[in-house]
Amino acid sequence: DGGITQSPKYLFRKEGQNVTLSCEQNLNHDAMYWYRQDPGQGLRLIYYSQIVNDFQKGDIAEGYSVSREKKESFPLTVTSAQKNPTAFYLCASSIGSGTDYGYTFGSGTRLTVV
Amino acid sequence: SQKIEQNSEALNIQEGKTATLTCNYTNYSPAYLQWYRQDPGRGPVFLLLIRENEKEKRKERLKVTFDTTLKQSLFHITASQPADSATYLCALLTSGGSYIPTFGRGTSLIVHP
């Protein structure tokens, strides 16, 4: 079955560490996105990529980095510069801009700073 | 400033009734509006899309309306079931934003048997 796989489901980070969240899709979607969700808040866009080897900052890119070397993969690195990284991270993909068919989301990674 | 407002209070209804959820927005001119369902600890699931020139869209027990004058979308679930209990998110897509959705905070729906 086609879909988006995020791993790990739970991740614990010590202060000062970088961690990388994995996102893989086998839907042949061109565009991929990373959102962050905090309790009681809407999803906030971190980064997005509409084609391979190109990506754009979203609303809250500071302290995060991404790469898009393959169409199927869009890993997110949470760097030590991100001061409040504890959150639920969601990866999504879409056909084109996602206007007609919506976004397909992964099951998320819950990151906790310990 | 731009805002998307969804009722932060949970909507509690009895099984079989129609649930109506509201999405209001200010300072947006969305070309599209999408609705998603999110279960606890899971990613959102796309339900319906409505375009700015459409007044109403239906899919099975779901109905969405879009009033660009009132700057409001209503999301209806008819004959609601306990399995419909979830958080429902609206998302606005504008040409100025490269059609990338901006999400509301969502409204929790609880359907009681």
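For the structure, check the block above.
I will try to describe carefully the structure that is included in this document. The numbers attached to residues start from 1 for each chain and follow its sequence in the written order. Lettering for chains starts from A, numbering for ligands starts from 1, and both go in the order in which the items are written. Since the coordinates come from a predicted model, pLDDT governs what is reported: local features require at least 70, and pairs of side-chain atoms require 80 or more to be given and counted, while whole-chain, interface and lining totals use all residues. Heavy atoms from the whole structure form the basis of all side-chain values; hydrogens and water molecules are not counted.

1. Some remarks on the overall build of chain A
Okay, so step 1: Along the backbone of chain A there are zero helices and eleven strands.
Okay, so step 2: The way it works is that DSSP assigns letters per residue, a run of H or I at least four long becomes a helix, a run of E at least two long becomes a strand, and they are numbered from the N terminus. Going from N to C terminus, chain A has its helices and strands arranged as β-β-β-β-β-β-β-β-β-β-β.
Okay, so step 3: For this measure, only C-alpha atoms enter the radius of gyration; the expected value for a globule follows 2.2 Å times N^0.38, where N is the number of residues. The C-alpha radius of gyration computed for chain A amounts to 13 Å, which stays within 12% of the reference 13 Å derived for 114 residues, consistent with globular compactness.
Okay, so step 4: By its C-alpha atoms, chain A is 40 × 25 × 25 Å across when sized along the principal axes.
Okay, so step 5: Across the 114 residues that make up chain A, the buried fraction comes to 48%.
Okay, so step 6: What makes two residues a contact is simply this: any of their non-hydrogen atoms within 4.5 Å. For chain A, restricting intrachain contacts to residue pairs at least 6 apart in sequence, the fraction spanning at least 24 positions comes to 53%. Relative accessibility decides the category of a residue: with a 1.4 Å probe and only protein chains considered, values under 20% of the type maximum give buried, values over 50% give exposed, and everything between is partly exposed.

2. Brief notes about the sheet that holds strand 8 (residues 72-77) of chain B
Residues and elements named next belong to chain B.
Okay, so step 1: Here a strand pair is declared whenever DSSP counts at least two bridges between the two strands. Read from one edge of the open sheet, five strands run 1-3-8-7-6, paired in antiparallel fashion. The open sheet has two edge strands, strand 1 (3-6) and strand 6 (56-59), and neither has a second partner. The sheet shows a mean angle of 15 degrees between the axes of neighbouring strands, direction not considered.
Okay, so step 2: Sheet analysis places strand 1 next to strand 3 (residues 19-26), joined by four bridges and oriented antiparallel. The partner of Lys3 across the bridge, within strand 3, is Thr26. For helices, the axis comes from a line fit to the C-alpha atoms of the stretch in contact; other axes are also lines fit to C-alpha atoms, and the angle between any two N-to-C directions lies between 0 and 180 degrees.

3. With respect to unusual backbone geometry
Residue and element names in this part refer to chain A.
Okay, so step 1: In this chain, Ser7 is followed by Pro8 through a cis amide linkage whose omega measures -10 degrees.
Okay, so step 2: Within the chain, Asn28 stands out as a residue other than glycine whose phi angle is a positive 60 degrees.
Okay, so step 3: At Asn53, a residue that is not glycine, the phi angle is positive and equals roughly 65 degrees.
Okay, so step 4: By the secondary structure assignment, Asn53 is in the loop between strand 5 (44-51) and strand 6 (54-57).
Okay, so step 5: The class for Asn53 is exposed, based on a relative accessible area of 62%.

4. Some details on the interface of chain A and chain B
Okay, so step 1: Of the residues lining the interface, 24 residues belong to chain A; the matching set on chain B comes to 20 residues.
Okay, so step 2: Of the roughly 1600 Å² buried between chain A and chain B on both sides combined, carbon and sulfur atoms contribute 55%.
Okay, so step 3: The working definition used for a salt bridge is a side-chain nitrogen of Lys or Arg within 4 Å of a carboxyl oxygen of Asp or Glu. For the pair chain A and chain B, the interface holds zero salt bridges.
Okay, so step 4: Pairing of N or O atoms within 3.5 Å defines a polar contact, subject to two protein rules: one partner must be a possible hydrogen donor and the other a possible acceptor, and residues neighboring in sequence count only if both atoms are side-chain atoms. For the pair chain A and chain B, the interface holds three residue pairs in polar contact (both at pLDDT 80 or more).
Okay, so step 5: Three classes are used: nonpolar for Ala, Val, Leu, Ile, Met, Phe, Trp, Tyr, Cys and Pro, charged for Asp, Glu, Lys and Arg, and polar for all others, with Gly counted as polar. Its residues assigned to classes, the side of chain A that touches chain B shows ten nonpolar, eleven polar and three charged. We define buried area as the total accessible area lost by two parts upon association, computed with a 1.4 Å probe and summed across both.

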